[in-house]
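Close look at the chain arrangement
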Amino acid sequence: MIKNYLLIVLFNLLAIAARGQDELLKMAEAADSTFTGKVSGTFKATRLVNGHSVETNGNGSLLFLISHRFGTLNSGAYEFFGLDQATIRLGLEYGITDNLNIGAGRSSLEKTYDGFLKYKLLQQQTGQGLAMPVTLTLFTSAAIRSLRWPPEETSFDFKHRLTYTHQLLFARKFTERFSLQLSPTLVHRNLVETSSDENNVYAIGTSGRFKLTKRTSFNAEYYYLLSEATRNNFRNALSLGFDIETGGHVFQLIFTNAQGMVEKFFIPQNTGYWSDGDIYFGFNISRTFDLKGAEKSQ
Amino acid sequence: MKSITILLLISLLCLAEAMQAQDRYFTKTGHIGFFSEAPLENIEAHNQQVVSILDLKTGELVFSVPMKQFQFRKSLMQTHFNENYVESDKYPKASFKGKVTNIQDVDLKREAVYKVNVKGVLTIHGQHKAIDTVGTLEVKGLQLLGKSKFSVTPQEFGITIPRLVRNNIAKTIAITVDMIYVPFTGKSL
């Protein structure tokens, strides 16, 4: 009987010794801040496919973005399935702060200049209780068509060259792999071609990404035209993309029925049908440069 | 019947002993930094949210490190660190579980810097590795200052680096540990 006592006492003592570290670690883990904080990396790039994502460039980061679309796949072998034609947009984006970005670009389509401001107002958070469920980024841009007016047109001013786009970008990273974005959009055109065209075009974008590996993801984006007159004459934009990230570069391979790379083109004035093979193949290549350099180091 | 009661009592006593908090020191705002020098750019990050507990009686020492709290100077670097390298969504914490093997050398009554040996298991990215290193414990008023420096490699923890950027990232990473422990009172942190 006494032997049994001793055994059990011994067992208890041993258990304490072994339990000590585990118990301490459990205490420590329970007290750390793992489950509170910002959710980062909702998307890999500042563009989902054609449209902007909620992501912004960090403070002092300059992003050089080359976007490129070939002709349509259905243009046949003579046009090498579209690869003989190309439209391009060169763009720069800069992070004034981690949340405020400014950008500019030049598209070959209609010789268009564009400038934009992007501000990340809310950042998705994790944490107990009331944590911010979504990231919200505000986007506003102006595009200037610089193509010369035909000689017979004399009544147009500079203001007639302008198109404005305003977007609310809501996104949530649901899991490490899956993120979704909703983008209510207003495109305002100062001048439209015919009297049946609308100056204000409302649309809603739905986009998502699915991460395939750590450095690649599959993206899809659909802009649905809410304005009926425009929806009857033009097509909703459906774009598919594949992101490959290598350090400071992101390569995006793209299939889309939109030729233009700024909102005024790919939202309200798409003519291509996926079903007819009006599909533009293209890519976005971005490179980030750190302009704040090594000036500050702890 | 009586014997069972006695057994239970002994067990309870043992449990109570285990739960006793005296002799324990802790911090919730410990600092761990890492630094690696590479041809293209130095990589440096700091975490000020490290939780650590040190038991002066047994020498038991644990760390819990929330990975997302590592702050980098470049936000893109921080995103890449969390997304592509340590995979913070999958492995949100790094931890250390071990012992100061010569804790009896540390005399709380005498303010001085004591050399200590630390042995244990470091877990990063879900991979465990035995660590045997040295550090110092300084008795300073009511506080205990713990410091240590050691090196690890990403490979040891199954962190793969793509060939394309291999030259941008150093082979070894120097880790600095800097804790200010205060006496632990009460039941939870």
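To keep things clear, this report deals only with the structure shown in the data block.

About the cut-offs
Residues numbered from 1 in each chain as written. Chains lettered and ligands numbered in written order. Predicted model: local features only at pLDDT ≥ 70, side-chain atom pairs only at ≥ 80, totals over all residues. Heavy atoms only, no water. Helix = DSSP H or I, 4+ residues; strand = E, 2+ residues; numbered from the N terminus. Contact = heavy atoms within 4.5 Å. Areas by Shrake-Rupley, 256 points an atom, 1.4 Å probe, with all protein chains shown as cover. Rg over C-alpha atoms; globule rule 2.2 N^0.38 Å. Buried < 20%, exposed > 50% of the residue type's maximum accessible area, 1.4 Å probe, protein only. Lys, Arg positive; Asp, Glu negative; His and termini not counted. Charge placed at Lys NZ, Arg CZ, Asp CG, Glu CD. Core = buried A, V, L, I, M, F, W, Y, C linked by side-chain atoms within 4.5 Å. Pairing = 2+ DSSP bridges. Axes fitted to C-alpha atoms, helices over the stretch in contact; angles between N-to-C directions. Phe/Tyr/Trp six-rings, centres within 6.5 Å; stacked < 30°, edge-to-face > 60°. Lys NZ or Arg CZ within 6 Å of the ring centre and 35° of its normal.

Glancing now at the overall build of chain B. Per the secondary structure count, chain B includes 2 helices and 9 strands. In chain B, the succession of α and β elements from N to C terminus is α-β-β-β-β-α-β-β-β-β-β. Partitioning the intrachain contacts of chain B with sequence separation of at least 6 by distance along the chain shows that 59% fall at a separation of at least 24. Surface summary for chain B: the accessible area is close to 10000 Å², and the carbon and sulfur share equals 58%.

Looking now at the overall build of chain A. Of the regular secondary structure elements, chain A holds 3 helices and 14 strands. Relative to a compact globule of 298 residues, whose C-alpha radius of gyration would be 19 Å, chain A shows 26 Å and is clearly more extended. Taken along its principal axes, the extent of the C-alpha atoms in chain A is 110 × 45 × 40 Å. Taken over 298 residues, chain A has a buried fraction of 45%. A separation of at least 24 residues holds for 57% of the contacts in chain A among residues at least 6 apart in sequence. Here chain A displays about 14600 Å² of accessible surface, and carbon together with sulfur accounts for 63% of that area. Within chain A, one finds 30 positive and 27 negative side-chain charges whose respective centroids are separated by 6 Å.

For the rest of this paragraph, the subject is the side chain of T288 of chain A. Relative to the helices and strands, T288 of chain A is located in strand β14 (residues 280–290). Accessibility expressed as a relative area gives 15% for T288 of chain A, which makes it buried. Apart from the residues lying within four places of it in its own chain, the contact partners of T288 of chain A are S61, L62, L63 and G248 of chain A together with L76 of chain B.

This next bit is on the nonpolar core. Counting 44 residues, the largest nonpolar core has F34, L54 and F70 of chain B as the members making the most contacts within it. With residues up to four places along the chain from it excluded, the contact list for L54 of chain B reads D23, R24, Y25, G59, E60, L61, V100, I103, L137, L144 and Y181 of chain B.

So, on to the sheet that holds strand β9 (residues 178–189) of chain A. Residue and element names in this part refer to chain A. Spatial strand order, β2-β3-β4-β5-β7-β8-β9-β10-β11-β12-β13-β14: 12 strands in a closed barrel with antiparallel pairing. Across the sheet, the mean angle separating the axes of adjacent strands is 20° when strand polarity is ignored. Summarising the sheet, strand β2 (residues 61–72) and β14 pair through 10 bridges and their orientation is antiparallel. Bridge pairing in β14 places F64 opposite R287.

The next subject is the environment of E221 of chain A. Residue and element names in this part refer to chain A. The residue E221 is located in strand β11 (residues 216–225) in this model. A relative accessible area of 2% places E221 in the buried class. Each C-alpha atom, one on E221 and one on E152, is 40 Å from the other, the two residues being 69 residues apart in sequence. Setting aside chain neighbours within four positions, we find E221 in contact with L48, V49, N50, G51, T206, S207, A237, L238 and S239.

What follows deals with the pairing of strand β4 (residues 100–107) of chain A. All names here are of chain A. The alternating pattern of β4 places N101, G103, G105 and S107 on a buried face, while none of L100, I102, A104 and R106, on the opposite face, is buried. Sheet analysis places strand β3 (residues 86–95) next to β4, joined by 7 bridges and oriented antiparallel. Bridge assignment links G95 to a residue of β4, and that residue is N101. Relative to strand β5 (residues 112–122), β4 is paired through 8 bridges, and the arrangement is antiparallel.

Geometrically, a pair of aromatic rings is defined through the distance of the ring centres and the angle of the planes. Within this structure, the stated rule accounts for 14 aromatic pairs over all chains. When the centroid spacing of 6.0 Å and the interplanar angle of 10° are considered together, the rings of F70 of chain A and F281 of chain A count as stacked. Of this pair, F70 of chain A sits in strand β2 while F281 of chain A is found in strand β14, placing the two residues 211 residues apart along the sequence. In this structure F70 of chain A comes out as buried when scored by relative accessible area, which is 14%. Owing to a relative accessible area of 23%, F281 of chain A belongs among the partly exposed residues under this scheme. Ring centres of F63 of chain B and F96 of chain B lie 6.0 Å apart, and the angle between their planes is 65°; this geometry places the pair in the edge-to-face category. Here the residue F63 of chain B occupies a position in strand β3 (residues 60–66), and F96 of chain B occupies one in strand β5 (residues 93–100), the gap between them amounting to 33 residues. Per residue, the accessibility class of F63 of chain B equals that of F96 of chain B, and both read buried. The lysine or arginine in question, R172 of chain A, covers the ring of F174 of chain A, its NZ or CZ lying 5.3 Å from the ring centre. Its end group placed over the ring of Y85 of chain B, R215 of chain A keeps NZ or CZ at 5.0 Å from the ring centre.

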